[in-house]
Amino acid sequence: MKDRKAKIFNEEFFPQIEALNNFAYHLTYNQSDAEDLVQETFLKAYRFIDKYDEGTNAKAWLFRILKNAFINEYRKKSKAPQAVDIDQANLLKDEDEKAFKGFHDLREEMFQNMMGDEITNAINTLQEDFRTVILLCDVEDFTYEEIATILEIPIGTVRSRLHRARNLLREKLRKYANTKGY
Amino acid sequence: MSNLKESGSEFSKDFVSPSLEKRLSIEAKQELASELKSNPEYFQTLEKDEDFQMFIRTHFKRKEVSPALVDSIRAKMGM
């Protein structure tokens, strides 16, 4: 049993630690809290390893544990609940098509001249629910189905949330590019 | 498919995002290939959307994991 656990952790779980740490950091904005969250995730995985099917989707399984730990423990401790502002979301919906068109009007060189810090900062300014789907889909390459499982929301919600998040991000980057004269 | 020819945004909604999520059906993939062949502007749209996702992925700054964190986790699990 111990050998099986060690094999799973070494071959499947520990290779995901960078992605988990990255996700945790962009949820908490604090490296120490992020490390606590990652540690808690691994300890929970160790405790509940019987519920994991060896050789399946370790990354999605661990991300789901981390997300639940963040919601159930970290958020309660920090007493800083976050949710999508419905009014703002509705406003964003109205801006969606305009933002999308704006993005496609950008010149190609805009991409080459933007720095990683600006991209990361733009993502960090998104509200938590929008930021989360961008991180899971565009940064970590999870499919809609996997994201739906991790966040425990319907696929349709993933799709609409991601659509709005991308348009919002495009708009933020477009504004930044304009200020730089692109 | 004719409605796609009327609007680039319809094309984007129906094909660009699904393509990025790698969830197009075989029929939809064939339809997309055919559409791209006859309408080069759609190819440009698809390419820009894929570029955007790739741009985010490659420029996003990832946090490094400290060896101390790995050691701490291993110690707590007795590994």
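**Side note on helix H2 (residues 17-28) of chain A**
Residues and elements named next belong to chain A. With twelve residues, H2 should reach 16 Å at 1.5 Å per residue; the first-to-last C-alpha distance of 16 Å fits that figure. Counting buried positions over the twelve residues of H2 gives eleven, a clear majority of the element. Those residues of H2 that fall on the buried side of the exposure criterion are Ile17, Ala19, Leu20, Asn21, Asn22, Phe23, Ala24, Tyr25, His26, Leu27 and Thr28. Once H2 finishes, tyrosine 29 follows within two positions and takes phi at roughly 60 degrees, a positive value.

**A closer look at the nonpolar core**
Phe13(A), Val38(A), Phe42(A) and Ile56(B) are the most contacted members of the largest nonpolar core, which has 60 residues in total. Element by element, the count of residues in this core is highest for helix H4 (residues 58-78) of chain A, at ten residues. Ignoring anything within four residues of it in the chain, the contact list for Val38(A) reads Ile17(A), Leu20(A), Asn21(A), Ala24(A), Leu66(A), Leu69(B) and Ile73(B).

**Thoughts on the packing of aromatic side chains**
Under the criterion given, the structure shown has ten aromatic pairs over all chains. Seen from their ring centres, Phe9(A) and Phe13(A) are 4.8 Å apart, and the 75 degrees between their planes marks the pair as edge-to-face. With a gap of four residues between them, Phe9(A) and Phe13(A) both fall in helix H1 (residues 2-13), about one helical turn apart. Both residues of the pair, Phe9(A) and Phe13(A), count as buried. Residues Tyr52(A) and Trp61(A) carry aromatic rings whose centres are separated by 5.1 Å and whose planes lie at 45 degrees to one another, so their mutual orientation is tilted. One aromatic cluster is present, formed by Phe9(A), Phe13(A), Phe14(A), Phe42(A), Tyr46(A), Tyr52(A) and Trp61(A) through successive ring pairs. In this arrangement the basic side chain of Lys5(A) is found over the ring face of Tyr46(A), its NZ or CZ atom lying 3.9 Å from the centre. Lying across the ring of Phe14(A), Arg74(B) places its NZ or CZ 4.1 Å from the centre.

**Quick word on the pattern of salt bridges**
In the structure shown here, the tally under the stated rule is twelve salt bridges over all chains. Of the charged contacts, one joins Glu140(A) and Arg62(B) as a salt bridge, the two residues approaching to 3.0 Å between their closest N and O atoms. Of the two residues, Glu140(A) is situated in the loop between helix H8 (128-139) and helix H9 (144-151) and Arg62(B) in the loop between helix H4 (40-59) and helix H5 (67-77); the pairing between them involves two chains. Classification of Arg62(B) by relative accessible area gives partly exposed; the value is 33%. Notably, a salt bridge pairs Glu171(A) with Arg174(A), separated by 2.7 Å at the nearest N-O pair. Of this pair, Glu171(A) and Arg174(A) both sit in helix H10 (residues 155-179), three residues apart, which is roughly one turn of that helix. On the accessibility criterion, Glu171(A) (18% relative accessible area) is buried. Here Arg174(A) falls in the partly exposed class, since its relative accessible area comes to 22%. Three or more residues are tied together by salt bridges with common partners; here these are Arg4(A), Lys7(A), Glu11(A) and Glu54(A).

**Considering unusual backbone geometry**
Residues and elements named next belong to chain A. Phi is positive for tyrosine 29, which is not a glycine, with a value near 60 degrees. Following the sequence through the fold, tyrosine 29 ends up in the loop between H2 and helix H3 (31-47). Here tyrosine 29 falls in the partly exposed class, since its relative accessible area comes to 38%. Although it is not a glycine, aspartate 141 sits at a positive phi angle of roughly 65 degrees. Checked against the element boundaries, aspartate 141 lands in the loop between H8 and H9. Taking the relative accessible area as the measure of exposure, aspartate 141 reaches 37% and is therefore partly exposed.

Reading the values: rules and limits
Residues numbered from 1 in each chain as written. Chains lettered and ligands numbered in written order. Predicted model: local features only at pLDDT ≥ 70, side-chain atom pairs only at ≥ 80, totals over all residues. Heavy atoms only, no water. Helix = DSSP H or I, 4+ residues; strand = E, 2+ residues; numbered from the N terminus. Expected span 1.5 Å × (residues − 1). Buried < 20%, exposed > 50% of the residue type's maximum accessible area, 1.4 Å probe, protein only. Core = buried A, V, L, I, M, F, W, Y, C linked by side-chain atoms within 4.5 Å. Contact = heavy atoms within 4.5 Å. Phe/Tyr/Trp six-rings, centres within 6.5 Å; stacked < 30°, edge-to-face > 60°. Lys NZ or Arg CZ within 6 Å of the ring centre and 35° of its normal. Salt bridge = Lys/Arg side-chain N within 4 Å of Asp/Glu carboxyl O.

Honestly, that's just the spatial picture; any functional story needs more than this.
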